[in-house]
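# Observations on the three-dimensional arrangement
Chain by chain, the residues:
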Amino acid sequence: MALIPALVLRAAAGVAAGVATAACAYFFWPAAAPAAAMMKAPGAAGFLISRAAFLANPQLYFQLLRTAGVKAAVAAFAL
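Report follows, based on the coordinates. Residues take numbers from 1 onward in each chain, read along the sequence in its written order. Where totals are concerned, whole chains, interfaces and linings use all residues; where local detail is concerned, this predicted model gives features only for residues with pLDDT of at least 70, and gives and counts side-chain atom pairs only at 80 or more. Only hydrogens and water are set aside when side-chain values are computed; all heavy atoms of the structure are taken into account.

### Side note on a nonpolar patch on the surface
Only residues whose relative accessible area exceeds 30% and that form no salt bridge enter a patch; like-charged residues are grouped when within 9 Å of one another, and nonpolar side chains (Val, Leu, Ile, Met, Phe, Trp, Tyr) when within 5 Å. Areas reported as accessible are Shrake-Rupley estimates using a 1.4 Å probe. Residue values count occlusion only from the protein chains shown. By convention in these notes, a salt bridge is any Lys or Arg side-chain nitrogen within 4 Å of a carboxyl oxygen on Asp or Glu. There is a patch of nonpolar side chains on the surface, built from Met38, Leu48 and Leu79 and spanning about 320 Å² of accessible area. Considering the arrangement of structural elements, one finds Leu48 in strand E2 (residues 48-50). Between buried and exposed lies partly exposed: a residue is buried under 20% and exposed over 50% of the maximum accessible area for its type, with that area taken using a 1.4 Å probe on protein chains only. Residue class for Leu48 comes out partly exposed when judged on its relative accessible area of 49%. The helix count covers DSSP runs of H or I at least four residues long, the strand count covers runs of E at least two residues long, and both are numbered beginning at the N terminus.

What follows is the structure in C-alpha cells.
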C-alpha cells in the first residue's frame, strides 16, 4: 500500500514541474525572443508582413502582388 502514495506524490511533482515550466515560458518567452518588426503590406489593405523580408526584396513583393495576387504576396512575406 505504500507504493500508491509514492506514485501519487511523484505524479504530483511532475505536474507541478510542468505547470511551473509553462508559467515561466508564458511570462518570459516574449522577453527572450525579440519581436519581429511588422509593417502594413503595401497594396494589401489590412495585412501585415515582415519588414525585414520586404526590405530585403521589395521588387519580388510587388511582382507577386501583380501576378499572383494579394494573398500569395502576403503569404510569401509573412513570418
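More follows now that the structure is in view.
### Looking at the nonpolar core
Put simply, a nonpolar core is a bunch of buried Ala, Val, Leu, Ile, Met, Phe, Trp, Tyr and Cys residues held in one set by side-chain atoms that sit within 4.5 Å of each other. In this structure, Met39, Ala41, Ala44, Ile49, Phe54, Tyr61, Leu65, Ala73, Val74 and Phe77 together form the largest nonpolar core, which totals 10 residues. For this core, the secondary-structure elements that each account for two or more residues are helix H3 (58-67) and helix H4 (70-77). The element that contributes the greatest number of residues to this core is H4, accounting for three residues.

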